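# Overview (structure and organization)
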Amino acid sequence: MAALSRTAHPGQAAFVLTLLAATFLMGSSFIAGKILLQAGFAPMVLVGWRFLVAAVATLPLVLLDAGPLGKALLPSAMTLRDAMVVVLIGLLQTAAVMGLLFVAMRTIAASTAAILLFTNPIWVAVLGKIFLGESLHRTRLLGLALGIAGVSLAIGVGAASLPGAGALTGQAIGLGSAWCWATATIINKRARLPIGSWALSFWQMLVGALAVLAIAYGSGERWPQVTTPAQWGWFFWLAIPASTGSFGLWFVALKKGGATRTSGYLFLAPLFTVLLSFLVLGHTLVWAQALGGVLIGLSLWLVNRQPAAYRS
């Protein structure tokens, strides 16, 4: 048993480091996106071009990971059904998640929308139990509940809520974005696609980007006529490290761990957003945010702790 533990340790460390990097980059995307939206960028055009550039930036990583692009992107083992699943993942995880999130933010505060999005792990846990047979013991449920509470405190739930008749609709749409992400996660795990993580990341971002751009330009949104060097810098950070990097590493992590266990780490993304808001945007940290960070840490420990009944 001791030898088994020592053997498993490097893989566990790689899994945790992969998720830390993925969630840090996810958190940074809110900072870059906020800066660009405040500068007057249209939201759907920004999302569409973000993921189109991100998809192209993924191609060198596909080449390094799996060899010739043709075989990596369209492996011989891939069937028409597999291709349809890849398209579905792209429509759900890129187009629907990000599209619904920005629609929700028309009637609810950005902080409320972020909290609703990052309830994703609890829906993954429930769906993972139903469709994947993953364990959903009481310790893990407690951890997920504490994570939701920690995210709410870290971002400041209720502090910036927007009143109005459309708020309830906006909250439902924001929750829908979390359901889309959870559904894409379960589909990805259950489908067992014959395609590498980086190739899947390329296809889901490309499909989602094309769908979002079609909606954006069809509704009259356009790219700003004047863009400063600083804005280009934030855009390329948003498109490449915060999109190519975060989504690619996310798919790598899903292959390393279970859907419920992996998604539990998503609670770190809004925590990183709060910390980066303090460092980059000059926002003030308050005691509630510190308490939220403690709850998130406890949540991660509980979600990944295996009860005695599951050890052997």
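Residues numbered from 1 in each chain as written. Predicted model: local features only at pLDDT ≥ 70, side-chain atom pairs only at ≥ 80, totals over all residues. Heavy atoms only, no water.

### So, the overall build of the protein
- Check the secondary structure of the protein and you find 13 helices and zero strands.
- Seen in sequence order, the protein has helices and strands lined up from the N terminus as α-α-α-α-α-α-α-α-α-α-α-α-α.
- For the protein, the proportion of its 312 residues judged to be buried stands at 49%.
- In the protein, of all internal contacts separated by at least 6 residues, the share reaching a separation of at least 24 is 90%. (Helix = DSSP H or I, 4+ residues; strand = E, 2+ residues; numbered from the N terminus. Buried < 20%, exposed > 50% of the residue type's maximum accessible area, 1.4 Å probe, protein only. Contact = heavy atoms within 4.5 Å.)

### Focus: the environment of Ser299
- Following the sequence through the fold, Ser299 ends up in helix H13 (residues 287-304).
- Residue classification places Ser299 among the buried positions, given a relative accessible area of 0%.
- The spacing of Ser299 and Leu141 is 158 residues in sequence and 9.4 Å in space, taken between C-alpha atoms.
- When sequence neighbours within four positions are dropped, the list of residues in contact with Ser299 reads Gly143, Leu144, Leu146, Gly147 and Phe267.

### Quick look at the packing of aromatic side chains
- By the definition in use, this model includes eight aromatic pairs.
- Note on Phe41 and Trp223: the rings are 5.1 Å apart at their centroids and 85° apart in plane angle, and the pair reads as edge-to-face. Taken as a pair, Phe41 in the loop between helix H1 (2-38) and helix H2 (43-66) and Trp223 in the loop between helix H9 (197-218) and helix H10 (229-256) lie far apart in primary sequence, 182 residues in all.
- Each ring, one from Trp232 and one from Phe236, has its centre 5.8 Å from the other, and the planes form 25°; the classification is stacked. With a gap of four residues between them, Trp232 and Phe236 both fall in helix H10, about one helical turn apart.
- The class for Trp232 is partly exposed, based on a relative accessible area of 34%. (Phe/Tyr/Trp six-rings, centres within 6.5 Å; stacked < 30°, edge-to-face > 60°.)

### Some details on the packing of H9 against H10
- Contact geometry of H9 with H10 gives a least axis separation of 9 Å together with a crossing angle of 130°. By the angle between their directions, the pair H9 and H10 is classed as oblique. Crossing hand, H9 versus H10: right-handed. Where H9 abuts H10, its residues Ser197, Trp198, Leu200, Ser201, Gln204 and Met205 lie against Ser243, Thr244, Gly245, Phe247, Gly248, Leu249, Phe251, Val252 and Lys255.
- Per-class residue counts for the contact of H9 with H10 are seven nonpolar, seven polar and one charged. (Axes fitted to C-alpha atoms, helices over the stretch in contact; angles between N-to-C directions. Parallel < 35°, antiparallel > 145°, perpendicular 65-115°, else oblique. Left-handed = near helix turned anticlockwise from the far one by under 90°. Nonpolar A, V, L, I, M, F, W, Y, C, P; charged D, E, K, R; others polar.)

### Regarding a nonpolar patch on the surface
- On the surface, Val286, Trp287, Leu291 and Val294 cluster together into a nonpolar patch covering about 440 Å² of accessible area.
- The residue Trp287 is located in helix H13 in this model.
- What makes Trp287 exposed here is its relative accessible area of 68%. (Patch = residues over 30% accessible without salt bridge, like charges linked within 9 Å, V, L, I, M, F, W, Y side chains within 5 Å. Areas by Shrake-Rupley, 256 points an atom, 1.4 Å probe, with all protein chains shown as cover. Salt bridge = Lys/Arg side-chain N within 4 Å of Asp/Glu carboxyl O.)

### Looking at the pattern of salt bridges
- Counted by the stated rule, this structure contains one salt bridge.
- Between Asp82 and Arg81 there is a salt bridge, with the nearest N and O atoms lying 3.4 Å from each other.
- Exposure remark for Asp82: the relative accessible area of 7% places this residue in the buried category.

### Things to note about unusual backbone geometry
- Unlike most non-glycine residues, Arg192 shows phi in positive territory, near 50°.
- Examined against the element boundaries, Arg192 turns out to sit in the loop between helix H8 (167-191) and H9.
- Residue classification places Arg192 among the exposed residues on the basis of a relative accessible area of 72%.

### Description of the nonpolar core
- The biggest cluster of nonpolar side chains holds 65 residues, and the ones touching the most others in it are Phe51, Val62, Met98, Trp181, Leu193, Leu200 and Trp250.
- Ranked by size, the runner-up nonpolar core spans seven residues in total, among them Leu36, Phe41, Leu46 and Ala239. (Core = buried A, V, L, I, M, F, W, Y, C linked by side-chain atoms within 4.5 Å.)

### Here we look at the packing of H2 against H10
- Relative orientation of the contacting elements H2 and H10 amounts to 55°, with a least axis distance of 8 Å. One element, H2, and the other, H10, form an angle in the oblique class. The two elements H2 and H10 cross, and the hand of that crossing is right-handed. Counting all contacts with H2, which are made through Leu46, Trp49, Arg50, Phe51, Val53, Ala54, Ala57, Thr58 and Leu61, the residues of H10 involved are Phe235, Phe236, Leu238, Ala239, Ile240, Ala242, Ser243, Thr244 and Phe247.
- Broken down by class, the residue content of the contact of H2 with H10 amounts to 14 nonpolar, three polar and one charged.

### Overview of the side chain of Ser29
- Mapped onto the elements, Ser29 comes out in helix H1.
- Judged by relative accessible area, which is 10%, Ser29 ranks as buried.
- In this view, Ser29 contacts Arg50, Leu238 and Ala242; residues no more than four positions away in its chain are not counted.

### A few points about helix H12 (residues 268-281)
- With 14 residues, H12 extends 19 Å from end C-alpha to end C-alpha; this agrees with the ideal 20 Å at 1.5 Å per step.
- For H12, the full list of buried residues reads Leu268, Ala269, Pro270, Leu271, Phe272, Thr273, Val274, Leu276 and Ser277.
- Gly282 lies just past H12 and shows a positive phi near 75°. (Expected span 1.5 Å × (residues − 1).)

### Some points on the confidence of the model for the protein
- Per-residue pLDDT for the protein averages 79, and the proportion of residues at 70 or more is 83%.
- Contacts for the low-pLDDT stretch residues 1-8, under 50 throughout, to residues beyond four places or in other chains number one contact.
- Note that residues 158-163 has pLDDT below 50 and, in this model, eight contacts with residues that lie over four places away or in other chains. (pLDDT = per-residue confidence, 0-100.)

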